[in-house]
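Survey of secondary and tertiary structure
Residue strings, one per chain:
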Amino acid sequence: MEDLGHHYVLDVVLDDEIFLKNEHRLQVFFQDILSKTNFKVIGFLSHKFTVGGEGVTGIFLLSESHLSYHTYPESNYISIDLYTCGEKCLSAIREIEASLSSVTRIVVRYIERGSHINTPQFNKVSVTAEKVN
């Protein structure tokens, strides 16, 4: 089995503090993304913080690897991390971008991973410009 890995890191600013504080809505949102893009979820864990901004941390354990997120409602920010060994990773990233509402800024970065990598590389894949009012 080839060990080529696709690792996407998203930094998202959005105007929806309620969504960023809602543990259940976040779980359902990411579960829907993973279902639409045919990932196999084999576990899920989340934690809702009750002080310091009331953010949420969650991780889906996938047969292909993992999807994790951490929210900072006080900054309107969510960090998302998706690492897989399969080719479906980019379709999930595009689905996340298309499905998030109230986004004012999103930065997507890509890291290719695997035993064939001699020098670590960190490549910026796409940057969506800030929302213009």
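Residues numbered from 1 in each chain as written. Predicted model: local features only at pLDDT ≥ 70, side-chain atom pairs only at ≥ 80, totals over all residues. Heavy atoms only, no water.

**Notes on the overall build of the protein chain**
Stated formally: The helix and strand labels rest on DSSP assignments: H or I over at least four residues marks a helix, E over at least two residues marks a strand, and numbering proceeds from the N terminus. Partly exposed residues are those whose accessible area sits between 20% and 50% of the maximum for their type, while under 20% is buried and over 50% is exposed, using a 1.4 Å probe and protein chains only. Residue contacts are defined here by distance: any two heavy atoms, one from each residue, within 4.5 Å place the two residues in contact. What sets the accessible areas is the Shrake-Rupley method with a 1.4 Å probe; for residues, cover comes only from the shown protein chains.
Within the protein chain one finds three helices and seven strands. Within the protein chain, the fraction of its 133 residues that count as buried is 39%. For the protein chain, long-range pairs separated by at least 24 residues make up 59% of all intrachain contacts whose partners lie at least 6 apart in sequence. Counting only carbon and sulfur atoms, one obtains 52% of the accessible surface of the protein chain, whose full area is about 7600 Å².

**A look at the pairing of strand β4 (residues 65-72)**
Under the convention used in this document: We call two strands paired when DSSP finds no fewer than two bridges between them.
Counting buried residues along β4, seven of its eight residues qualify, which places the element largely inside the surrounding structure. In this sheet, β4 lies alongside strand β3 (residues 56-62) in antiparallel orientation, the contact comprising six bridges. When the bridges of β4 are listed, Leu62 appears paired with Ser65. Taken together, β3 and the strand that follows it, β4, pair antiparallel across an intervening segment of two residues. Of the strand pairs in this sheet, β4 and strand β5 (residues 77-84) are connected by eight bridges, and their pairing is antiparallel. Considered in β5, the bridge of His70 is made with Ser79. Hairpin connection, β4 to β5: the antiparallel pair is bridged by four residues, and Asn76 has positive phi, about 55°.

**Structural notes on the environment of Val9**
Position of Val9 among the secondary structure elements: in strand β1 (residues 5-14). C-alpha of Val9 to C-alpha of Leu67: the two residues are 58 residues apart in sequence and 10.0 Å apart in space. Beyond its immediate sequence surroundings of up to four residues, Val9 is in contact with Ile80, Asp81, Val107, Val108 and Arg109.

**Details of the packing of aromatic side chains**
Cut-off, in case you're wondering: Pairing of aromatic rings covers Phe, Tyr and Trp, the last through its six-membered ring, and needs centres within 6.5 Å; plane angles under 30 degrees mean stacked, over 60 mean edge-to-face, and all others mean tilted. Charge-over-ring contacts are defined here by two conditions on Lys NZ or Arg CZ: a distance within 6 Å of the ring centre and an angle within 35 degrees of the ring normal.
Counting across every chain of the model gives six aromatic pairs. Pairing Phe19 with Phe29 gives two aromatic rings, centres 5.7 Å apart and planes at 80°, and the pair type is edge-to-face. On the criterion of sequence distance, the pair formed by Phe19 in helix α1 (residues 17-21) and Phe29 in helix α2 (residues 23-36) is long-range, its members being 10 residues apart. For the pair Tyr72 and Tyr77, a centre-to-centre distance of 5.5 Å together with 35° between the ring planes defines the contact as tilted. Members of the aromatic cluster, joined through ring pairs, are Phe19, Phe29, Phe30 and Tyr69. For Lys88, the ring lying beneath its charged end belongs to Phe39, and the centroid distance is 4.8 Å. Just above the ring of Tyr83 sits the side chain of Arg113; from NZ or CZ to the centre is 4.5 Å.

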